[in-house]
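# Breakdown of the fold
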Amino acid sequence: MRVLFGKRIGRGPRLFAEVNRTELTIKLIVKWSITRSLADFSSNIHHLSFSTTTIMSLPQPAVVSVDEKIAAFDSVPLFMKSLPDDVASDPAISALQNLAYEGTPDEIAQNFKEQGNDYFKGKRYREAVAFYSQGIDAKPADATLQEALLCNRAACNLELKNYRSVLTDCSKALSLNSHSSKAYYRSALALAALERYEECLDCCDRCLAFDTGNSTVATLRKKVLGLKETQGKKRREKEERLRREQQEMRQLQAAYKERNLIILKSPKGTTENPYTPRFDPEDPDKQTLMFPTFFLYPQYAITDIISEFIEDTPFVAHISNMFPPQAPAPEWDKDGEYVDGRLVVYAMTHRRRLLKVGKKMTLREVFKASKAKEGEPVDGLELKDDCLTFVVVPKGEIEQKWIDDFKNMRVHIP
């Protein structure tokens, strides 16, 4: 049998709860006579007698489904699953609500504690938290009862992963009883979940100092020692990884300067480029770099990217691989002009100088060629968003037209 408590008139919102059905039924009959019809029936039943014929002649009840019978209970306060909108108009419900707050603060708190326990056993932790909270709000005088309510609420919040609330309640419980093993244990569980292992171990040690036989706390302590060791190992590995990354970044910056590179970043500070310059892993001395490199074909506004252009590789190695003479032309090369041997590569410096790249030249040699002459402002190739850029055009008329366009653009750019 379920008894529902909803909003109590004059005292703010309350939750629904289960109470002792026998005790409640007796109180209802004695105090409010909500089963008066049942009492009237009981007082007259001894004066009634029925023969078999009489019973058979009585009208038979209509056939009602099980669902309809269960739904009918929703109109009976003892079986309601939710309260009607106008609670104040139903004296029976108001009477039921008042039962939860009869008695001393300790009795009221104990009642809510028992209800919270029932919900906790049913793994309905949020409802259980609400009942324990109402028990705490009743301000019981019994310190042991206060401690139990706080520890029980902490147990619910552990299940709900509200670890800060667990620590708060356990701290209050320990202020009432400094030897509360449950408060120490639940604090330790919350701290372990937050990966605050030093504090967790401290809780375990404090508990075991007076509760030496507590195997549960001892087991937790052993487990946390292992977690702490693993955490320390991960932290050291992370620190070492960051140290190596920072060291490599310093080495890269020095290498960029040595190669006369001008570092540029997009205004937004982000780029979709998944590649970055790095040292050649096959060079243990870290003297050779690999660069993501764009090849631009301005005639068709097409771009290719070489994800790892090793700086000691000649350009012809990539051009011959991308445009071999015997292979079909790319779809975008309508006139079949992009063929190894018919192409020329150009590099543009930061100060808008144009460098013609010989097919046997390497990136390292282009870096040297891009250096400004003595007495002139610093110059070099641009490393924009971690990528180098070169222009590839067919020799002859198309090449000359692109050079003229570049020079005209350079004149108009301040």
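Calculation notes
- Residues numbered from 1 in each chain as written.
- Predicted model: local features only at pLDDT ≥ 70, side-chain atom pairs only at ≥ 80, totals over all residues.
- Heavy atoms only, no water.
- Axes fitted to C-alpha atoms, helices over the stretch in contact; angles between N-to-C directions.
- Helix = DSSP H or I, 4+ residues; strand = E, 2+ residues; numbered from the N terminus.
- Parallel < 35°, antiparallel > 145°, perpendicular 65-115°, else oblique.
- Left-handed = near helix turned anticlockwise from the far one by under 90°.
- Contact = heavy atoms within 4.5 Å.
- Phe/Tyr/Trp six-rings, centres within 6.5 Å; stacked < 30°, edge-to-face > 60°.
- Buried < 20%, exposed > 50% of the residue type's maximum accessible area, 1.4 Å probe, protein only.
- Polar contact = N/O pair within 3.5 Å; in protein donor to acceptor, adjacent residues only side chain to side chain.
- Expected span 1.5 Å × (residues − 1).
- Arc of directions from axis to C-beta.
- pLDDT = per-residue confidence, 0-100.
- Pairing = 2+ DSSP bridges.
- Nonpolar A, V, L, I, M, F, W, Y, C, P; charged D, E, K, R; others polar.
- Salt bridge = Lys/Arg side-chain N within 4 Å of Asp/Glu carboxyl O.

Their axes nearest at 11 Å, the elements helix H6 (residues 105–121) and helix H8 (residues 143–159) cross at an angle of 25°. In terms of axis orientation, H6 runs roughly parallel to H8. The interaxial crossing formed by H6 with H8 has left-handed handedness. The segment H6 lies against H8, with Asp106, Ala109, Gln110, Lys113, Asn117 and Phe120 engaging Leu145, Ala148, Leu149, Asn152, Ala155 and Cys156.

For the rest of this paragraph, the subject is the packing of aromatic side chains. With the rule as written, the count across this model stands at 18 aromatic pairs. Ring geometry for tyrosine 297 versus tryptophan 332: centroids 4.9 Å apart, planes at 20°, classification stacked. One end of the pair, tyrosine 297, is in strand S3 (residues 289–297); the other, tryptophan 332, is in the loop between helix H13 (315–322) and strand S5 (343–348), with 35 residues separating them in the sequence. Accessibility expressed as a relative area gives 0% for tyrosine 297, which makes it buried. Taking 5.6 Å as the distance between ring centres and 25° as the angle between the ring planes, the aromatic pair formed by tryptophan 402 and phenylalanine 406 counts as stacked. One end of the pair, tryptophan 402, and the other, phenylalanine 406, are both in helix H15 (residues 397–412), four residues apart, so they sit about a helical turn from each other. Overall, tryptophan 402 belongs to the buried group, its relative accessible area being 13%. Owing to a relative accessible area of 7%, phenylalanine 406 belongs among the buried residues under this scheme. Every member of this aromatic cluster is reached through a ring pair, and the members are Tyr297, Tyr300, Phe323, Trp332 and Tyr338.

A few words now on the environment of histidine 350. With respect to the helices and strands, histidine 350 occurs in the loop between S5 and strand S6 (354–357). Along the backbone, histidine 350 and serine 370 are 20 residues apart, and their C-alpha atoms lie at a distance of 9.0 Å. With residues near it in sequence (within four places) discarded, histidine 350 still touches Ile262, Leu264, Asp379, Gly380 and Glu382. For histidine 350, the side chain forms a polar contact with the side chain of glutamate 382, separated by 2.8 Å.

What follows concerns helix H11 (residues 197–210). The end-to-end C-alpha distance of H11, which contains 14 residues, comes to 21 Å, matching closely the 20 Å that a straight helix rising 1.5 Å per residue would cover. Among all positions in H11, only Tyr197, Cys200, Leu201, Cys203, Cys204, Cys207 and Leu208 are buried. Down the axis of H11, the sector holding all buried residues measures 155°, keeping them to one side. In this structure, H11 carries Glu198 and Ala209 as exposed residues pointing more than 90 degrees from its buried face.

Moving on, we get to the confidence of the model for the chain. Taken as a whole, the chain shows an average pLDDT of 83; of its residues, 74% reach a score of 70 or greater. Predicted confidence for residues 1–22 stays below pLDDT 50, and this span has 71 contacts to residues more than four positions away or in other chains. With pLDDT under 50 throughout, residues 28–42 is counted as low confidence; its partners more than four residues away or in other chains account for 10 contacts.

Before going further, it helps to examine the pairing of strand S8 (residues 388–394). Burial of S8 is extensive: six of the seven residues sit out of reach of the surface. Sheet analysis places S3 next to S8, joined by four bridges and oriented parallel. Pairing of phenylalanine 294 across the sheet is with threonine 389, part of S8.

Before going further, it helps to examine the packing of H11 against helix H12 (residues 215–258). Interhelical geometry of H11 versus H12 gives an angle of 160° and a closest axis separation of 10 Å. By the criterion of interaxial angle, the relationship of H11 to H12 is roughly antiparallel. Classified by chirality, the crossing of H12 by H11 is left-handed. When H11 is examined against H12, the residues Tyr197, Glu198, Cys200, Leu201, Cys204, Asp205, Cys207 and Leu208 are found in contact with a partner set consisting of Val217, Ala218, Leu220, Arg221, Val224, Leu225, Leu227, Lys228 and Gln231. The class makeup of the residues in the contact of H11 with H12 is 12 nonpolar, one polar and four charged.

Moving on, we come to the pattern of salt bridges. Counting across every chain of the model gives 18 salt bridges. For the salt bridge of glutamate 399 with lysine 356, the shortest nitrogen-to-oxygen distance reads 3.8 Å. Of this pair, glutamate 399 sits in helix H15 while lysine 356 is found in strand S6, placing the two residues 43 residues apart along the sequence. Judged by its relative accessible area of 56%, lysine 356 falls in the exposed class.

Before going further, it helps to examine the environment of arginine 221. The residue arginine 221 is located in helix H12 in this model. The class for arginine 221 is partly exposed, based on a relative accessible area of 27%. Considered as a pair, arginine 221 and cysteine 203 are 18 residues apart in the sequence and their alpha carbons are 9.1 Å apart. Beyond its immediate stretch of four places on either side in the chain, arginine 221 contacts Leu201, Cys204, Asp205 and Leu208. Side chain to side chain, arginine 221 and aspartate 205 meet in a polar contact 2.5 Å long.

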